[in-house]
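# Structural overview for review
Single-letter residue listing:
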Amino acid sequence: RRQDEVSGEKENAEEKSANANPHPYTLVPPYLYHVFIEGASPAAIAVHLPNDLSYCWDAGTCRLAFAWKGDFLDMSPLWKGHADTSAKILGDIFYRDNTDYPIRLGKNPIVPTVEYKGYRLIDRYPEFHYTLNGLDVYELIRPKSDSCGLIRDFRIPQADRVFWFFTNRRDDSIEYEFSVGHLKDKILKLSPIEAKKFTITMTSYYLAYRNKKQ
């Protein structure tokens, strides 16, 4: 047999093996990767949660960029060292942030200046730390127990002004629930006391409908 045929068969076998199991070892969620991924800046962090939920945190813009349901990522192109490549999502995206920026502060809710400060692990879940106009914000994201969405826990210990959370205004199939605050025209308003600690629960209508049919 020709050498090129043998080499071709070997490459096909390796590719099938990588696609079947894109990770080199067994992982138990939650866990994360710093990745290059389409739809986010080069500073993206992909987090795989229990209940087959995952999300992409964009550290470059300090926001939850998008979330999906299903398998996590195919990292094999990156592990092979291919240039100009990115991780591939192995699931269905059910949420994508399309706001100018979701969190605003003060009487005039304009887009703030953001700066990423890192994260720490709490029970293996990353709690992201960033600043809005110099004010510290902490955000931890967990899966809903029914597998239909995400729970976002916010801490702003030094909150000293009104805060606003802008939900998506277009192409959104998410139901929002808030632990505190007042919602009007898809914008949540929080007093300084309420902003110190609050939770936003996001439920996907698509995932809830799919679960119901199953």
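Look up: the structure comes first, before these words.
Described below are features of the structure shown in this document. (Residues numbered from 1 in each chain as written. Predicted model: local features only at pLDDT ≥ 70, side-chain atom pairs only at ≥ 80, totals over all residues. Heavy atoms only, no water.)

## Re the overall build of the protein chain
Defined as follows: Every helix listed is a DSSP run of H or I at least four residues long, and every strand listed is a run of E at least two residues long, numbered separately from the N terminus. When a residue's accessible area, from a 1.4 Å probe over protein chains only, is under 20% of the maximum for its type it is buried; when over 50% it is exposed; and in between it is partly exposed. Accessibility throughout is a Shrake-Rupley quantity obtained with a 1.4 Å probe, and a residue counts as covered only by protein chains that appear here.
Looking only at helices and strands, the protein chain has four helices and 15 strands in total. Burial status across the protein chain gives 44% buried among its 214 residues. As displayed, the protein chain has an accessible area near 11800 Å², and 49% of this comes from carbon and sulfur atoms.

## Describing the environment of Val-111
Note the threshold: Contact definition: two residues touch when any of their heavy atoms are within 4.5 Å.
One can find Val-111 in the loop between strand S6 (103–105) and strand S7 (114–122). Expressed as a C-alpha distance, the spacing of Val-111 and Asp-100, which sit 11 residues apart in the sequence, is 7.1 Å. The contacts of Val-111, once residues within four sequence positions are left out, are Asp-100, Tyr-101 and Arg-104.

## Structural notes on the nonpolar core
For clarity, the cut-off: We define a nonpolar core as any set of buried Ala, Val, Leu, Ile, Met, Phe, Trp, Tyr and Cys residues linked to one another through side-chain atoms lying within 4.5 Å.
Counting 40 residues, the largest nonpolar core has Tyr-55, Trp-57, Tyr-130, Leu-150 and Phe-163 as its most contacted members. By size, the runner-up hydrophobic cluster in this structure holds 14 residues, among which are Ile-37, Ala-46, Cys-56 and Trp-68.

## What about the environment of Leu-64?
Tracing the backbone shows Leu-64 in strand S4 (residues 63–74). On a C-alpha basis, the gap between Leu-64 and Arg-96 in space is 8.2 Å, while along the polypeptide they are 32 residues apart. Once residues within four sequence positions are removed from consideration, Leu-64 is found in contact with Tyr-55, Cys-56, Trp-57, Tyr-95, Asp-97, Ile-141, Leu-150, Arg-152 and Met-202.

## Considering the sheet that holds strand S14 (residues 187–190)
We apply this condition: Strands qualify as paired when DSSP identifies two bridges or more between them. Structural elements are reduced to axes, namely lines fitted to C-alpha atoms, with helices fitted over the stretch in contact, and the angle between N-to-C directions of any two is expressed from 0 to 180 degrees.
With respect to topology, four strands assemble into an open sheet ordered S6-S11-S14-S13, the strand pairing being antiparallel. The open sheet has two free edges, formed respectively by S6 and strand S13 (182–184), since each of these has just one partner strand. Recorded for the sheet is a direction-independent mean angle of 25° between the axes of neighbouring strands. Of the pairings in the sheet, the one linking strand S11 (residues 163–166) to S14 comprises four bridges and is antiparallel in character. Paired with Phe-166 across the two strands is Ile-187, which belongs to S14.

## Side note on the packing of aromatic side chains
Operational definition: Pairing of aromatic rings covers Phe, Tyr and Trp, the last counted by its six-membered ring, and requires centre-to-centre distances within 6.5 Å; plane angles under 30 degrees mean stacked, over 60 mean edge-to-face, and any other angle means tilted.
For the coordinates displayed, the defined rule picks out 12 aromatic pairs. Here the aromatic rings of Trp-57 and Tyr-130 are separated by 5.4 Å at their centres, their planes lie at 45°, and the arrangement is tilted. One end of the pair, Trp-57, is in strand S3 (residues 53–58); the other, Tyr-130, is in strand S8 (residues 125–132), and 73 residues separate them in sequence. In this structure Trp-57 comes out as buried when scored by relative accessible area, which is 0%.

## So, the sheet that holds strand S15 (residues 197–204)
Spatially, six strands are ordered S7-S8-S9-S10-S15-S12 in an open sheet, and the strand pairing comes out antiparallel. Each edge of the open sheet is held by one strand with a lone partner, namely S7 and strand S12 (174–178). The sheet shows a mean angle of 20° between the axes of neighbouring strands, taken without regard to direction. Relative to strand S9 (residues 135–143), S8 runs antiparallel, the two being bridged by six bridges.

## A short note on the side chain of Arg-63
Take Arg-63: it is sitting in strand S4. Its relative accessible area of 13% is what places Arg-63 among the buried residues.

## Details of the side chain of Lys-144
With respect to the element layout, Lys-144 can be found in the loop between S9 and strand S10 (149–155). Contacts of Lys-144, omitting those with residues within four sequence positions, involve Asn-51, Leu-53, Gly-149, Leu-150, Ile-151, Thr-201, Met-202 and Thr-203.

## Details of the pairing of S14
The pairing of S13 with S14 spans three bridges and is classified as antiparallel. Considered in S14, the bridge of Lys-184 is made with Ile-187. If you look at the hairpin formed by S13 and S14, you'll find two residues sitting between the two strands, and Asp-185 has a positive phi there, around 55°.

Function cannot be inferred from these measures alone, as they are strictly geometric.
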